[in-house]
Amino acid sequence: MAKSRTITVKGTEITIVRQGNADYVSLTDMLKAKDGDFFISDWLRNRNTVEFLGIWESVFNPDFNYGEFATIRSQAGLNNYKISAKEWQEKTNAIGLKATAGRYGGTYAHPDIAFEFGMWISAEFKIYLIKEFQRLKEEENQRLSLEWDLHRTLAKVNYRIHTDSIKENIIPPAVTKEQASAIYASEADLLNVAMFGQTAATWRKQNPGKNGNIRDHSTIEQLLVLSNMESLNAEFIRMKMNQSDRLNHLSIN
């Protein structure tokens, strides 16, 4: 499990971890909000729970083991039936529930499943869980947007430094506007090739349905690297380094 964040629901602190592109909510933490002596396995032995988990996995997990699921479903609800989250995960190859050890250890579930687990605790708890989770995601999205805007602005500032260096050191005094534009485009594509492995024209051809340019669809990390590249290339230009050598120095591929 990767980095963790926490939300507080009805006085209960709940850990949320990121694994790959998905969030997972700690059912172990959520269980502390349920009155009485209960275990996650009590929830898992319920036939409705098993049906819900099976449907969720059938939608989102192409490697789900339907044979094992059928066996578990046939036993769910029986007095002697019991299964742990780890056993469910291992037998069915499930991805919605994860039992982990070590730091941040415990049972975690995809938000869809965690919300369903919240209903088992109480309807009120489920509503507040959804509310707090949505608040967390809105804050994260807003922060990412601000960071992206900051790095995009920084890249634009260094782009001006870059173009000034091109104007002062590469473009001859007597050239047409079209010739100057071609030189600027050539230097911009040098950075595109060094950073993204392709020119702006190639990107547009491969992404006909996307608006903007290759840099508008960059990640925050790529924009930061690109900003540094522009500063470096501006300095390399002042050093009279030829374009081929500059590309070799800048390339990260």
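To start, this report covers the structure provided alongside it. On a predicted model such as this, the values are computed, not experimentally measured, just so you know.

1. A short note on unusual backbone geometry
Moving on, step 1. Positive phi, close to 55°, is recorded for Lys10, a residue that is not glycine.
Moving on, step 2. Residue class for Lys10 comes out partly exposed when judged on its relative accessible area of 48%.

2. Regarding the nonpolar core
Moving on, step 1. With 34 residues, the main nonpolar core has Leu27, Met30 and Trp88 as its most contacted residues.
Moving on, step 2. For this core, the element with the most residues is helix α6 (residues 111-121), which contributes five residues.
Moving on, step 3. Filtering out sequence-adjacent residues up to four positions away, Leu27 remains in contact with Ile40, Trp43, Leu97, Thr107, Tyr108, Ala109, Ala114 and Phe117.
Moving on, step 4. Within the second largest apolar cluster, twelve residues are counted, among which are Leu190, Ile214, Leu226 and Leu250.

3. Remarks on a nonpolar patch on the surface
Moving on, step 1. A cluster of nonpolar side chains, contributed by Ile55, Val59 and Phe60, occupies part of the molecular surface with about 320 Å² of accessible area.
Moving on, step 2. Take Phe60: it is sitting in helix α3 (residues 47-60).

4. Some words on the pairing of strand β1 (residues 4-9)
Moving on, step 1. Residue alternation in β1 divides its side chains into a buried set, Arg5, Ile7 and Val9, and an unburied set, Ser4, Thr6 and Thr8.
Moving on, step 2. In terms of strand pairing, β1 meets strand β2 (residues 12-19) through six bridges, oriented antiparallel. The residue bridging Ile7 from the neighbouring strand is Ile14, located in β2.

5. Quick look at the pattern of salt bridges
Moving on, step 1. Applying the stated criterion across every chain, the model contains eleven salt bridges.
Moving on, step 2. A salt bridge links Arg5 to Asp23; its shortest N-O distance comes to 2.9 Å. Of this pair, Arg5 sits in strand β1 while Asp23 sits in strand β3 (residues 22-26), and the two are 18 residues apart along the sequence. Take Arg5 and Asp23: they sit in the same class, and that class is buried.
Moving on, step 3. The salt bridge partner of Arg246 is Glu187, with a shortest N-O separation of 2.6 Å. With Arg246 in helix α11 (residues 243-250) and Glu187 in helix α8 (residues 177-196), this pair connects stretches of sequence that are 59 residues apart.

6. Points about the packing of aromatic side chains
Both the distance between ring centres and the angle between the ring planes are used here to describe each pair of aromatic rings.
Moving on, step 1. For the structure on display, the rule yields nine aromatic pairs.
Moving on, step 2. Seen in terms of ring centroids, Phe64 and Tyr66 are 5.1 Å apart; in terms of plane orientation they differ by 80°. Their pairing is edge-to-face.
Moving on, step 3. Considering the side-chain rings of Phe115 and Phe133, the 5.7 Å spacing of their centres and the 75° angle between planes classify their relative orientation as edge-to-face. Of the two residues, Phe115 is situated in helix α6 and Phe133 in helix α7 (residues 123-169); the sequence distance between them amounts to 18 residues. Exposure class is identical for Phe115 and Phe133. Each is buried.
Moving on, step 4. Above the ring of Phe38, the side-chain terminus of Lys34 is found at 4.8 Å from the ring centroid.
Moving on, step 5. The ring centre of Trp120 lies 4.5 Å from the NZ or CZ of Lys34, which sits over that ring.

Thresholds applied
Residues numbered from 1 in each chain as written. Predicted model: local features only at pLDDT ≥ 70, side-chain atom pairs only at ≥ 80, totals over all residues. Heavy atoms only, no water. Buried < 20%, exposed > 50% of the residue type's maximum accessible area, 1.4 Å probe, protein only. Core = buried A, V, L, I, M, F, W, Y, C linked by side-chain atoms within 4.5 Å. Helix = DSSP H or I, 4+ residues; strand = E, 2+ residues; numbered from the N terminus. Contact = heavy atoms within 4.5 Å. Patch = residues over 30% accessible without salt bridge, like charges linked within 9 Å, V, L, I, M, F, W, Y side chains within 5 Å. Areas by Shrake-Rupley, 256 points an atom, 1.4 Å probe, with all protein chains shown as cover. Salt bridge = Lys/Arg side-chain N within 4 Å of Asp/Glu carboxyl O. Pairing = 2+ DSSP bridges. Phe/Tyr/Trp six-rings, centres within 6.5 Å; stacked < 30°, edge-to-face > 60°. Lys NZ or Arg CZ within 6 Å of the ring centre and 35° of its normal.

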